[in-house]
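Working through the structure, step by step
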Amino acid sequence: MDVLTNLRDDSLKRMVDAVSELIAAAERIKHEEENIRRFSVQMISVKELLINLQHSQQQQQPGGGGKFALGSAVSLLRRMEDAVNTARETIDWYNSKGSFVRFVFCSSVFSKLTQCSKQIADALRLLPITQISPALDDKAKLDAIIHSLDSIVFRLEANAEAIHSRLDMYVAAAEKNGRIRQPMIQKLPDINNPRPEAGGIGSPVIESPVEEEVQFGDLNQNLHILGFRVDEIVNLSIFCLSCPLTLKIMEDPVCVSCNHSYERKAVAEYFRRGEKLCLVCKKEMSSTEGKLDLKPNSALRGIISEWKQNHTSIQALENAKKKLSDASARLISINNNAEPSINAALEDLLSLMMDIPGCISEATNGSCKLIPNLAVLLKKKTAGVNIAAVLRCLLLIARFSHGNKEIIGRGGVIKCLLKQCSMNEATAVEILLELSKDDRVAQKIIETNTSIATLVSILHNPEPQFAENARTVLKNLSTDVKGTISMAVCGYLDPFLDLFNSEGISEETRAFMAGELAQMHLTETAASSLENELFIIHLSVMLSNSLPASKLASLGCIKRLMSFNRSRTWILSNGHTIPSALLCFLRDTSIEQQWKQDALEILISLIDLNQPSEQQTNPCLERLYSHNCIQDLIEQIKSSIDQDDRVLLLRLLLATVQKSSTAQDCLISNQNAVSCLYSVLNTADDNSKVRLHVLKLIYHIAASKADLDAPLPPHPAKEIALRSIIAILTESRINEEISMVAGIISHLPRSDKAINAMLQSSAVLRAIHLQISRLNNSNELLENALGALMRCIDQSTTEFQMQLVGNLEQAIVQILTTSSRLSQQRAAMILAHLTRCTPGLSTSPDSSFHFRRHSWPFQSSTKCALHESSCSVQRVMCLVKIRAVRPLVCMIDSMNPAASEAALTALLTLFEPGATETLLNAASSIIVDSQVAAPILKVLEKRPLPRVEKAAFELFQKIYKHPGITREQLEKFKAILPYLLTGDIEQRKNVTMLIKELF
C-alpha cells in the first residue's frame, strides 16, 4: 500500500509540474493567438484542481483511499501526464516556427490540442477523486472543468480558412496536372502523428522531417527540404498570396464579409461592376449604403511582405549556387601552372560563400564536387596556390552543416590539416574545431597518427587564440577514452582528469584509464597536474574495489605518482585517504605478493617524507601511528611467511616509530609486540635482512628513550633473547648488525644481575675489544661499541675492568683526538671510570679469559711521572701513563657540553682524595703544563650547563695556585667568580671561600 501511495504522490507532483510547463509554454505564444490562450486558461483550472488534491494527500493518513483507488489513480494520472506533455511539446514546436510555417500548420496543431484536451477530460472523468480524497467533494467544479475541456474548439481565422481552402484547390489541381511528384500532404510535417525521439521510448514530440526551421526567414537554405523544386515552391507561394481576381501578389489585402481576401482596388472594382457574390465561396458579399464592406488583412500583409523579401533571396541563392558550381569546376580544369587562375577561382568561391552562405548547400551536390576539388588542392600543395584561401573555403563549408563535416572528414584532408597546424596555420585549427563537433569525424581525427601530439604542441603557442582553439578541439575529442589517454601520453592530462573524475564512466573504464596512466612516462610537470583531491579519492576507492584490475591499476597510479618529489609531498598533505586505503589493501589475503610489497613501499615513502614535528598535525598519517595499526603490523610480521614481505613490514614499523612518539609508546608498552620481535630475531637466518631490520627496530626503541632501558621479553624468553644478541655480537660479520647489537647492549638494564653476568664473558669482551681497536669502523659502530663497553664496566668488578683495559688504552686515547664527539665523550667517560678504580685481589668472573697486565706492549716498566712505581699496582688505568691528559685538555672547550663534562671529570681523577701535597702539586703541574687554564676559563665564560660549570670550577680551583697560571689568567678567574655563586650549595660555599682568599 505504501508503494502505491508513493507512486500516486509522485504522479501528482509530476502532473502538476507538467501542467505548469504547459501553461508557461502557452503564455509564450503571441497575444493574438486566442485559441492557445483559451487552452491555457483551461489548463490553469486543471492545475488548481491537482494542487488541491496534492495538499489534501499530505494531510491524509498514509494508505488512505484503498488499494484499488490508488492503483487506478496512478494509471489515470500517468495518462493525463502523457497528454499534457504532448500538448506542451506541440505548443513548443508551434511557438518556435515563423509566421509562414504557423500559417501552414496551424490547422494540424489545433487538431492535436483538441485531441489532448479530450484525453485529459476523459482521465479526469474517470479519476476517483472522492475515494482518494473525500475532502475534495466538489463535483460541480470538476464537472465544469471536464465540460470546458470537452467543448473547447480551436477555430481558424476566416481569412486563414479561405487561404487553406485555396491551398487545397492548388494541390488538387497540381496533382491532376502532374506538377507535384507526390501528394503535398506527404511532404509536409505530419503533426498529427509525431515520431518518437531518437533513443526515447514512446515519448511523442512534434518535429518536422526537415532538419531546420521552414520559414521565409531562412528559406534560402531549405528550398529542397520538403522535396519540391524551386518553381513548385514559388508557384505555391504565388498562388496562396495572389488575389483571386488579378491572380497577382496582393499589395493591399482586405477581407470581404465571407472572410476571403482580395486586392482592395480589384475587389472594389469587381463590386462596382455589379458582382455581388464572392469569387471563391459564391456567398453574397455584404455592403453598407452601396459600399462594399472591407476589412484590412494585416496578417496576410505581413506574410506577403516577408515573402517578397525572401523571393529575391531565393533567386539570388540560385544564381550563387550556379556560380559556385562553375568556380568549383574551374579549380580542376585549369592547367596546373596557372596558379593565378586557381587563386582567382578561390577568391570567387570565398566571395560567394561569404555573401550568400546558402549557396554552400551546393557544395555537397554530386555534380559540383567542390569539397573533393578543394581537398585535391590541399593535398597537392601546388606552388603558388593560395592555401589560406583553400582552408578558408573548407572552414565555411564545415560550418554550414554537420553533413558537410562528415564529407570533409571522409575526404582525406585531416592529415593535411594537421600538417598545416604544425606550420602555425590558424585556419587549419579552426577547421579541425568545426570537424570535431561531429562525433564520427572526431573519431577519425583521434585515429589519425600524430593528431593528438600536434594539437597538444599547439597549446604552448604564444598566440592565445590559436592555442585556445587547439584546446577546444582536444576538449571535443576528450569524450573518447582512447583519445583522452593519448592526450595524457603527450603530457596534457586535464581532459584525462576530467573524464576520470566524471560520474558517468564505469569502474571498468576508470580502471582501464588508471592502468594506462601507471604505464605512462610522465614528467614532473605533467604529474603535478594530477594533484587533484577527487582523483586521489577515486584511487583510494579503487583500492577497495572487488575488481582485481581496479586494485592493481590504482596501486600502479599511486606508485607512479610517488616517484615524483612534488607529487609525494602533495599526497602527504592532501591525500588523506591513501594510507587508510593502503592499510585495508594489505589486509586482503587474496592480493598478490608484489602488489602487497608495492603498497608497503608507498607507505614507507609517505612516512619518510613526514617530519616528526608534523606527526600530530598531519591527518594523512594519523591512522598509521595508532595503536591498532601498530598491533596489526606486528600480527602481519608474525604471520608472514615470505621474507621480503617481512622485511618491508619491519621497515614500515621502523619508519612509524622513528617519526611518531605515539607509535613508540604503543610498541614499548605492548609486551606481546616486544616478544614477537625477539621471536622473529631468534628464528631469523644468519645475515638475513629480517634479522638486521629487527635489530634496527629494537635499537631505535632502546635509544629513543633516554630514561628507559632496552625492552626485553619476560623470563624465560629474556635469556634466549640475550643469548641471540650476544651471538650476533660475537659471530656476525656484518658491521651494521654488530653496531645495532652493541647499541642495544649499551641500553640494557644495569641492575639485572643475570644480564651483568652474561655480559661479563670472554666472548663479549673480545668482540667489544675488536670493534674499538678497529679505528676504521664507522662512527656509529664505534660509538655503540664504546657504549657497550661503558655498560659492561658500569656494574662489573675491578678484576673484570682490568681485563678490559689491555691494549685498548692506546685506542681510547686515539679516539679522544680523531673520532666523533659522541665517541670522544664516551671514551672520556670510560677513562674517568677506570682511573678511579684500583685493582683488588679477586679473580675474574670468567676464569677462561684473563688478561695479564704485563702481556700488553703499551704497559711498560717505565715509572709514571705522577705515581712513579706504584702506578701499575694501585690503579687500573693512569691518565698520565697512557698520555691521555693532553687530549682530554683539548676536549674541554668542545661544542658538546657532555664531552666537556666527561673530559673535566676524567682530569679531576688525577687529584685523588687523601693524596699527599706532593702528589697534588705534581698533578697540578702535569695539567697546567698541558695548558689547561685557557680552555677552562673559556668554558666558565660561556656560562655552560651547571654540571659542566661545576666541574670546570673544581678543576681550576685545584690548579690556580700553581706558578704556571699567569697573572692575567688569575685575574680573569677572579672576575668570573661572582657569576659562579648561582651554583649549588657546595659550589657557592667554595666560591665564597675562594673570593675571600683572593680579594
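Residues numbered from 1 in each chain as written. Predicted model: local features only at pLDDT ≥ 70, side-chain atom pairs only at ≥ 80, totals over all residues. Heavy atoms only, no water.

Applicable threshold: UniProt positions are given in the numbering used here, feature names are shortened, and annotations may be inferred rather than shown by experiment.
In the nomenclature of an unreviewed UniProt entry, the chain is known as RING-type E3 ubiquitin transferase of Platanthera guangdongensis. Regarding the chain, the UniProt comment filed under Pathway (unreviewed entry) reads as follows: "Protein modification; protein ubiquitination." Of the chain, the UniProt comment under Catalytic activity (unreviewed entry) reads exactly: "S-ubiquitinyl-[E2 ubiquitin-conjugating enzyme]-L-cysteine + [acceptor protein]-L-lysine = [E2 ubiquitin-conjugating enzyme]-L-cysteine + N(6)-ubiquitinyl-[acceptor protein]-L-lysine."

1. So, the overall build of the chain
Put simply, the rule is: A run of H or I in DSSP becomes a helix once it reaches four residues, and a run of E becomes a strand once it reaches two; helices and strands are each numbered from the N terminus. To sort residues, take the accessible area from a 1.4 Å probe on protein chains only and compare it with the maximum for the residue type: under 20% means buried, over 50% means exposed, and anything in between is partly exposed. Note on definitions: a residue-residue contact is assigned when non-hydrogen atoms from the two residues lie within 4.5 Å. Here the accessible surface of atoms and residues is derived via Shrake-Rupley with a 1.4 Å probe, and residues count as covered only by protein chains that are part of the display.
Secondary structure assignment for the chain yields 50 helices and five strands. Among the 999 residues that make up the chain, the fraction classed as buried is 52%. If you take every contact in the chain between residues at least 6 apart in sequence, the share linking residues at least 24 apart comes to 70%. When the accessible surface of the chain is split by element, carbon and sulfur atoms take 51% of a total near 47,100 Å².

2. Some remarks on a nonpolar patch on the surface
Heads up, the condition is: Residues with no salt bridge and a relative accessible area higher than 30% make up the patches, which join like charges within 9 Å and nonpolar side chains (Val, Leu, Ile, Met, Phe, Trp, Tyr) within 5 Å. The salt bridge definition used is simple: a Lys or Arg side-chain nitrogen within 4 Å of an Asp or Glu carboxyl oxygen.
A cluster of nonpolar side chains, namely L534, I537 and V541, defines an oily patch on the protein surface of about 230 Å² accessible area. With respect to the secondary-structure elements, L534 resides in helix α25 (residues 533-543).

3. Regarding the nonpolar core
Nonpolar side chains in soluble globular proteins tend to be buried together. This is how the line gets drawn: To qualify as a nonpolar core, a set must consist of buried Ala, Val, Leu, Ile, Met, Phe, Trp, Tyr and Cys residues joined through side-chain atoms within 4.5 Å.
Among the nonpolar cores identified, the biggest contains 171 residues, and L888, I936 and L955 are the most heavily contacted of them. L888 has contacts with L816, A828, L831, L879, A903, A906 and L907, leaving out every residue within four places of it along the chain. Grouped together as the second largest cluster of nonpolar side chains are 62 residues, L324, L350, L394 and I445 included.

4. With respect to the environment of L667
Among the secondary structure elements, L667 is positioned in helix α32 (residues 661-668). For L667, a relative accessible area of 0% gives the class buried. Separated by ten residues in the primary sequence, L667 and V657 have C-alpha atoms spaced 8.0 Å apart. Setting aside residues no more than four positions away along its own chain, L667 makes contact with I630, I634, V657, A673, V674, L677, L697 and I701.

5. What to know about unusual backbone geometry
The bulk of non-glycine residues show a negative phi, and the bulk of peptide bonds are trans. Here the bond from H715 into P716 is cis, since omega is 5 degrees, no more than 30 degrees from zero. Of note, P716 is situated in the loop between α34 (689-704) and α35 (717-731). One non-glycine residue, K282, adopts positive backbone phi at about 70 degrees. Here K282 is to be found in the loop between α10 (264-272) and β3 (287-288). Classification of K282 by relative accessible area gives exposed; the value is 53%. Positioned with a positive phi, E289 is a non-glycine residue whose angle comes to about 55 degrees.

6. Quick notes on the sheet that holds strand β2 (residues 261-263)
Applicable threshold: In short, DSSP must find at least two bridges between two strands for them to pair.
Reading across the sheet, the three strands line up as β2-β1-β5 and stay open at both edges, with antiparallel pairing between neighbours. The strands lining the two open edges of the sheet, one partner per strand, are β2 and β5 (295-296). Where strand β1 (residues 253-255) lies against β2, three bridges are found, and the strand directions are antiparallel. Bridged to V254 within β2 is Y262.

7. Observations concerning the side chain of R510
To be explicit about the condition: Polar contacts here mean pairs of N or O atoms no more than 3.5 Å apart (in protein, one a potential hydrogen donor and the other a potential acceptor; neighbouring residues in sequence count only if both atoms are side-chain atoms).
For R510, the position within the fold is in helix α23 (residues 507-519). Here the side chain of R510 touches F500 through a polar contact of 2.8 Å, landing on its backbone oxygen. Polar contacts involving the side chain of R510 include one to the main-chain carbonyl oxygen of S502, which spans 2.8 Å. Beyond its immediate sequence surroundings of up to four residues, R510 is in contact with F500, N501, S502, I505, H538 and M542.

8. Focus: the packing of aromatic side chains
Operational definition: Whether two aromatic rings pair depends on their centres lying within 6.5 Å, for rings of Phe, Tyr and Trp, where Trp uses its six-membered ring; planes under 30 degrees apart make the pair stacked, over 60 edge-to-face, and the rest tilted. Two conditions define a charge sitting above a ring: the NZ of Lys or the CZ of Arg must be within 6 Å of the ring centre, and it must be within 35 degrees of the ring normal.
Scanning all chains against the criterion turns up five aromatic pairs. Across from the ring centre of F500, 5.5 Å away, lies the NZ or CZ of R510, which sits over that ring.

9. Section: the side chain of S261
By the secondary structure assignment, S261 is in strand β2. Of the polar contacts made by the side chain of S261, one reaches the side chain of N297; its length is 2.9 Å.

10. Quick word on α25
One full turn of an α-helix is made of 3.6 residues, so residues set three or four places apart face in the same direction. Among all positions in α25, only F535, I536, H538, L539, S540, M542 and L543 are buried. Buried residues belonging to α25 abut α22 (494-501), α23, α26 (548-561), α27 (565-574) and α28 (577-587). Between the side-chain oxygen at the start of α25 and the backbone nitrogen of L534 there is a gap of 3.0 Å, and the oxygen is on N532.

11. Some points on the packing of helix α30 (residues 627-639) against helix α31 (residues 643-659)
The condition is simple: Every axis corresponds to a line fitted to the C-alpha atoms, with the helix fit spanning only the stretch in contact, and the corresponding angles, defined between N-to-C directions, vary from 0 to 180 degrees. For this classification, under 35 degrees means roughly parallel, over 145 means roughly antiparallel, 65 to 115 means roughly perpendicular, and everything else is oblique. Here is the rule for handedness: rotate from the far helix to the near one, and if that takes an anticlockwise turn smaller than a right angle the crossing is left-handed, while a clockwise turn gives right-handed. Polarity classes work like this: nonpolar for Ala, Val, Leu, Ile, Met, Phe, Trp, Tyr, Cys and Pro, charged for Asp, Glu, Lys and Arg, and polar for all others, with Gly in that last group.
Between α30 and α31, the least distance of the axes is 9 Å, while the angle of their chain directions is 155 degrees. Between α30 and α31, the angle is such that the two are roughly antiparallel. Seen from above, α30 lies across α31 with left-handed handedness. Where α30 approaches α31, its residues I630, L633, I634, Q636, I637 and K638 are matched on the opposing element by R646, L649, L650, L652, L653 and T656. Broken down by class, the residue content of the contact of α30 with α31 amounts to eight nonpolar, two polar and two charged.

12. Looking at the pattern of salt bridges
Counted by the stated rule, this structure contains 29 salt bridges. Ionic pairing is found between K437 and E434, a salt bridge with its closest N-O pair at 3.2 Å. Overlapping salt bridges bring together R399, K405, E430, E434 and K437 as one network.

13. Topic: the confidence of the model for the chain
For clarity, the cut-off: Every residue is assigned a pLDDT by the predictor, reflecting its confidence on a scale from 0 to 100.
Across the chain, the average pLDDT comes to 78, with 78% of residues at or above 70. Low pLDDT, under 50, characterises residues 63-68; the stretch is placed with nine contacts to residues that sit more than four places away or in other chains. Contacts from residues 170-232, a stretch scored under 50 in pLDDT, to residues over four places away or in other chains number 99 contacts.

14. Focus: the packing of α35 against helix α38 (residues 762-773)
At a closest axis distance of 9 Å, the pairing of α35 and α38 adopts a crossing angle of 45 degrees. One element, α35, and the other, α38, form an angle in the oblique class. For the crossing formed where α35 meets α38, the hand is left-handed. For the pair formed by α35 and α38, the contact residues are I726, L729 and T730 on the first element and A763, V764, A767 and I768 on the second. Residue composition of the contact of α35 with α38, grouped by class: six nonpolar, one polar and no charged.

15. Structural notes on the environment of Q519
Assignment of secondary structure puts Q519 in helix α23. Judged by its relative accessible area of 68%, Q519 is exposed. The sequence separation of Q519 and V489 amounts to 30 residues, and the corresponding C-alpha distance is 9.5 Å.

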